[in-house]
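# Summary of the model geometry
Okay, here's what each chain looks like letter by letter:
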Amino acid sequence: MVSFFFFILFVTSFYANTKPIEANCPPVQCSHDAAAPEIRYPFWLKDRLHQNCGHPAFELFCKENTTMIHFPSYGDLVVKSINYHTKKLQLVDPKNCVHEVFLNLNLSLPSVFRYYYVVKNYTYLNCSARLPPSFKQVPCLSSSSAYFVYTVKPSVEVPLYCRVMKTIAIPFAYSPYVADNSFGLGLTWELPRCENCKEKGGPKNFLSKTAFLNYIP
Ligand SMILES: *[C@@H]1O[C@H](CO)[C@@H](O)[C@H](O)[C@H]1NC(C)=O
Ligand SMILES: *[C@@H]1O[C@H](CO)[C@@H](O)[C@H](O)[C@H]1NC(C)=O
Ligand SMILES: *[C@@H]1O[C@H](CO)[C@@H](O)[C@H](O)[C@H]1NC(C)=O
Ligand SMILES: *[C@@H]1O[C@H](CO)[C@@H](O)[C@H](O)[C@H]1NC(C)=O
């Protein structure tokens, strides 16, 4: 009986604490489609009265009815899903070239995102002739006959007719068996520490999730 009372007390105080947050920061979506990602803290939507509901580094935007995220090093990617439990952001490249994303996406600090998968170094080669058939060229980065782009292990001896584009830590080498334009484009996130947010000029109430929640009137 006593524990039931405390349960009620707990539930009421829980709701008393969360109600104002929900009222101020209801989750939003870019479309009415049930499959559209739910946008809530730390994510927020640009161009809506939702700015104070997220962290500056987690800005999303809607393009038509699609949820998008912008990376200065690459451009816009489609947000397919957001899992707040596993902290996984599943992306899709609108240009349908996952390896172009891997090649260009710069997730160095201060980025709050990292690949969801374990990364390994691979070298992108741009060759003026085809490599032996055991190497599979990345079709979306290659031309039909002038140059051929490959992802190879950094230990591979570079033929004279190939130029090293970049060696970079990525989740997967190219495989013709995985042509899905979302394969490997999973990111995870980490909320920056408060010192970082201040330095980055973020609002001072973005100190931490707790500080943020306390800030809500
Ligand atoms: C967005 O969704 C609305 C409602 O479902 C629909 O009427 C509209 O045509 C869609 N717009 C685009 C650009 O797909
Ligand atoms: C990636 O971003 C970091 C931090 O903004 C920057 O210092 C670095 O030069 C960038 N790397 C490349 C390859 O552009
Ligand atoms: C990739 O190579 C760089 C430079 O050699 C190295 O510093 C880095 O630790 C390597 N990353 C991985 C994931 O092996
Ligand atoms: C590969 O090299 C060719 C010739 O130098 C160049 O035109 C092409 O843009 C390069 N491809 C990529 C993906 O960088």
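Figured I'd write up the structure that's included with this text. Keep in mind the model is a prediction, meaning the values are calculated, not measured.

### Points about the site of ligand 4
What surrounds ligand 4 is the set N126, L141, Y147 and M165. Considering ligand 4 on its own, with 360 Å² of exposed area, one finds that the protein chains cover 48% of that surface. Residue composition of the shell around ligand 4, grouped by class: 3 nonpolar, 1 polar and no charged.

### Side note on the side chain of N126
Tracing the backbone shows N126 in strand 7 (residues 120-127). Overall, N126 belongs to the buried group, its relative accessible area being 17%. N126 has contacts with Y147, F148, V149, Y161, C162, R163 and M165, leaving out every residue within four places of it along the chain.

### Looking at the sheet that holds strand 7
Working definition: the strands of a sheet are paired by backbone hydrogen bonds and lie parallel or antiparallel to each other. Read from one edge of the open sheet, 3 strands run 8-7-9, paired in antiparallel fashion. Because the sheet does not close on itself, it has two edges, and the strands there are strand 8 (148-152) and strand 9 (162-170). Neighbouring strand axes in the sheet, compared pairwise and without regard to direction, differ in orientation by 20° on average. As paired elements, strand 7 and strand 8 share 5 bridges and run antiparallel to each other. Bridging from a neighbouring strand, L125 pairs with Y150 of strand 8.

### Considering the state of the cysteines
One pass over the full model with this rule turns up 4 disulfides. The partner cysteine of C30 in its disulfide is C62, sulfur to sulfur 2.0 Å. When the S-S torsion is -85°, as for the bridge of C30 with C62, the disulfide is left-handed. Of this pair, C30 sits in the loop between helix 1 (2-24) and strand 1 (44-45) while C62 sits in strand 2 (residues 59-63); the two residues are 32 residues apart in sequence, bridging distant segments of the chain. Note on cysteine connectivity: C127 is disulfide-linked to C162, with sulfurs 2.0 Å apart. The sign of the 105° torsion about the S-S bond sets the C127-C162 disulfide as right-handed. Highlighted residues: C127 in strand 7 and C162 in strand 9, separated in sequence by 35 residues. Counting only the cysteines that take part in disulfides, in the order they occur along the protein chain, gives the pairing 1-3, 2-4, 5-7, 6-8.

### Remarks on a nonpolar patch on the surface
Residues Y177, V178 and F183 make up a contiguous nonpolar surface patch of about 330 Å² in total accessible area. Relative to the elements of secondary structure, Y177 occurs in the loop between strand 9 and strand 10 (186-189).

### Some points on the pattern of salt bridges
Across all of its chains, the model carries 2 salt bridges by this definition. The residue E38 makes a salt bridge to R40 at a minimum N-O spacing of 2.8 Å. The exposure class assigned to R40 is partly exposed, which follows from its relative accessible area of 34%. A salt bridge links R114 to E190, with the nearest nitrogen and oxygen atoms 3.2 Å apart. Taken as a pair, R114 in strand 6 (residues 113-115) and E190 in the loop between strand 10 and helix 3 (194-199) lie far apart in primary sequence, 76 residues in all. For R114, a relative accessible area of 45% puts it in the partly exposed group.

What counts, and where the lines are drawn
Residue positions are given per chain, counted from 1 along the sequence in the order it is written. Chain letters start at A and ligand numbers start at 1, both assigned in the order the entries are written. Two thresholds apply to this predicted model, a pLDDT of at least 70 for residue-level local features and 80 or more for giving and counting side-chain atom pairs, whereas whole-chain, interface and lining totals are computed over all residues. Calculation of side-chain values draws on the structure's entire complement of heavy atoms; hydrogens and water are dropped beforehand. By convention in this text, a residue qualifies as near a molecule or strand provided that one of its non-hydrogen atoms is within 4 Å of it. Methods summary: accessible areas were calculated by the Shrake-Rupley approach with a probe of 1.4 Å, and residue burial reflects only the protein chains presented. Note on residue categories: nonpolar means Ala, Val, Leu, Ile, Met, Phe, Trp, Tyr, Cys or Pro, charged means Asp, Glu, Lys or Arg, and polar means any other residue, Gly included. Runs of E in the DSSP output that reach at least two residues are strands. Runs of H or I that reach at least four are helices, and both are numbered from the N terminus. Only protein chains enter the accessibility calculation, which uses a 1.4 Å probe; a residue whose area is less than 20% of its type maximum is buried, one above 50% is exposed, and one in between is partly exposed. In what follows, residue pairs with any heavy atoms lying within 4.5 Å of each other are defined as contacts. Here, any two strands with at least 2 DSSP bridges between them count as paired. Here the axes come from fitting lines to C-alpha atoms, over the contacting stretch only for helices, and the angles between their N-to-C directions go from 0 to 180 degrees. The definition used for a disulfide is geometric: two cysteine sulfur atoms within 2.5 Å. Patch definition: residues with relative accessible area over 30% and no salt bridge; like charges joined within 9 Å; nonpolar side chains (Val, Leu, Ile, Met, Phe, Trp, Tyr) joined within 5 Å. By convention in these notes, a salt bridge is any Lys or Arg side-chain nitrogen within 4 Å of a carboxyl oxygen on Asp or Glu.

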